[in-house]
Amino acid sequence: FTQKSDHVQRGNYATLNDKDVAHFEQLLGQNHVLTEDLDGYNICFLKRIRGNSKLVLKPGSTAEVAAILRHCNERKLAVVPQGGNTGLVGGSVPICDEIVLSLQRLNKVLSVDEVTGIAVVEAGCILENFDHRAKEAGLTVPLDLGAKASCHIGGNVSTNAGGVRVVRYGNLHGSVLGVEAVLANGQVLDLMSDFKKDNTGYHMKHLFIGSEGTLGVVTKLSMLCPHASKSVNVAFIGLNSFADVLKTFVNAKRNLGEILSSCEMIDERAFQTAMGQYKFLNAPIAGYPFYMLIETSGSNGDHDQEKINQFIGDGMERGEILDGTVTGDPGKVQEIWKIREMVPLALIEKSFCFKYDISLPLRDFYSIVDVMRERCGPLATVVCGYGHLGDSNLHLNVSCEKFNDEIYKRVEPFVYEYTSKLKGSISAEHGIGFLKKDYLHYSKNPVAINWMRDMKKMFDPNGILNPYKVLN
Ligand code: FAD
Ligand code: 2HG
Ligand code: ZN
């Protein structure tokens with residue numbers, strides 16, 4: 001456990017005592033109050049932070065969440081809301097001894113309306129389970145990411161997670177129609193809505209989309225789910241240069257526009273790391289400096305296939321695409337997606353990995369990978385770039401055998417300065433959490449940060465909700 005959390009000064013919170021535990025046991029029942037074997041709740045996904053919580057609470061209803069927070073607020077006990085604990089910025093684990101409020105038991109899909117496409121779901125529902133349920137009604141959840149088998153929809157909303165379909169469906173600020181959140185004082189804020197259009201006053205639900213558990217605990221939400229596409233095709237192509245990647249992206253928008261549902265990029269090092277690590281991966285092509293995964297989703301298989309084949313053929317004729325394969329076979333589509341999904345895991349499997357999730361103008365998208373390779377030299381085992389090209393979102397990963405202060409100093413704060421100079425975002429989709437809070441000022445000016453502080457004070461005057469995160 002490497003970084004920083006050891007040096008945090010504990011806030012002026014009360015310390016949990018036996019009476020608190022007894023109170024929670026009475027409220028939730030003993031089975032839902034955990035005091036032992038808490039590593040899974042204390043340690044973050046990247047194994048960079050280990051908190052020291054002595055208590056995990058698992059409420060089964062909004063009313064129980066409200067009662068927990070009311071007690072914690074009165075007693076000034078700090079709390080960290082936790083979903084699937086797949087977050088990559090250390091936001092979901094305690095830093096000191098905060099109580100973990102796990103949403104695991106609030107996991108029901110409450111309704112799915114085939115006509116309107118609106119689904120109402122509890123926050124602790126695992127994304128993949130939610131999607132399966134939506135599919136039964138002919139719909140799809142407009143969000144897909146590699147952590148789908150573990151992350152919760154409430155965690156997704158709280159981080160405003162992006163993933164691989166933003167290019168098609170936009171982000172969660174558009175898809176989430178309503179939110180129910182419990183505030184620090186235990187008040188339930190009902191902002192649920194079944195309509196796309198609702199201009200009655202301030203659009204407060206947006207405050208809970210991406211505020212990472214610092215303003216309230218999301219307990220329920222309604223989401224607009226598009227109809228599932230009848231025909232899905234995936235192209236996996238090899239390219240020679242990043243300039244060709246950009247040309248191909250523009251052509252994809254121009255020629256596949258209405259059916260384009262994903263546009264991802266993987267560079268050679270990222271690809272090789274995944275292929276080297278996981279022998280079960282089956283890549284249709286190999287040996288290129290860049291790869292793109294382009295997915296189309298439409299309603300007419302023949303038409304869609306003809307379009308994507310034509311698109312690849314034209315790109316090859318112009319020499320922008322060197323090789324590629326197109327498939328509409330569901331098994332093969334999954335196989336190709338697996339290559340992309342395993343990249344971030346391959347990079348942490350056997351080494352320490354500094355992960356950066358940045359938005360950059362597309363023209364400068366890849367330059368930072370080359371610059372970083374130069375800066376790190378042989379200190380790094382892999383410096384690679386991949387990610388959501390269609391949304392200008394690069395994942396820059398720098399791995400080394402184990403955490404190394406020298407390399408750390410070479411990458412940070414340089415990567416944030418570089419991003420800020422290009423007016424990019426230092427966190428495109430993962431959030432700020434604990435690991436990035438010292439760098440918030442690279443993307444937000446002091447006036448904005450002060451307003452964030454004031455809002456935090458208004459929602460949570462005692463600062464009990466997810467302390468040590470987002471704001472310093
Ligand atoms: P957690 O990790 O448990 O929590 C994340 C934050 O939200 C914390 O600050 C926590 O306090 C807060 N929180 C959780 N639930 C609630 C709630 N109900 N109310 C209030 N606050 C809450 N992210 C992307 O954006 N795009 C990707 O493509 C992507 N791919 C990933 C692939 C892998 C393999 C992994 C491991 C992670 C990936 N992530 C990605 C990051 C992560 O999965 C997302 O941030 C996800 O949304 C986190 O959901 P979670 O339920 O695990 O939340
Ligand atoms: C992805 O797109 C995730 O695969 C993870 O956002 C990125 O680990 C990373 O750097
Ligand atoms: Zn991502």
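Bear in mind that the values here come from a model prediction, so they are computed numbers and not experimental data.

Let us now look at the state of the cysteines. Per the counting criterion, the structure on display carries 0 disulfides. With no disulfide partner, Cys72 has as its closest neighbouring cysteine sulfur the one in Cys96, 16 Å distant. The buried category is assigned to Cys72, whose relative accessible area is 0%. Cysteine Cys225 shares no disulfide, and the gap to the nearest cysteine sulfur, in Cys125, comes to 11 Å. Assessed through its relative accessible area of 2%, Cys225 is described here as buried.

Turning our eyes to something else, we now look at the domain arrangement of the protein. Many descriptions give the size of an interface as the accessible area lost when the pieces come together. For the protein, the assigned domains are domain 1 (5-105), domain 2 (109-224), domain 3 (231-276 + 286-329) and domain 4 (351-454). Look at where the C-alpha atoms of domain 2 and domain 3 centre, and you get two points 30 Å apart. In this assembly, 4 residues from domain 2 lie in contact with 9 residues from domain 3. Summed over both partners, the interface of domain 2 with domain 3 buries about 530 Å², with 42% contributed by carbon and sulfur atoms. Three residues stand out in domain 2 for area buried against domain 3, namely Val164, Val167 and Arg168, and they jointly supply 78% of the buried area on that side.

Another point: the layout of surface pockets. The space that makes up the largest pocket amounts to roughly 1000 Å³. Around the largest pocket, the lining is made up of 50 residues, and of these Thr86, Gly87, Leu88, Leu145 and Ala147 lie nearest the centre. For the lining of the largest pocket, the elements supplying multiple residues, two or more each, are β3 (79-82), α5 (153-159), β9 (217-224), α11 (330-349), β15 (382-388) and β16 (393-400). Of the residues forming the lining of the largest pocket, the biggest block, 6 residues, is contributed by α11.

Cut-offs applied
Residues numbered from 1 in each chain as written. Chains lettered and ligands numbered in written order. Predicted model: local features only at pLDDT ≥ 70, side-chain atom pairs only at ≥ 80, totals over all residues. Heavy atoms only, no water. Disulfide = S-S within 2.5 Å. Buried < 20%, exposed > 50% of the residue type's maximum accessible area, 1.4 Å probe, protein only. Domains from an automatic or database assignment. Contact = heavy atoms within 4.5 Å. Buried area = accessible area lost by both parts, 1.4 Å probe. 1 Å grid on protein atoms, 1.4 Å probe; cavity = no way out; pocket = protein on both sides within 12 Å on 5 of 7 lines; lining within 4 Å. Points joined across faces, edges and corners; volume = space filled by probe spheres on them. Helix = DSSP H or I, 4+ residues; strand = E, 2+ residues; numbered from the N terminus.

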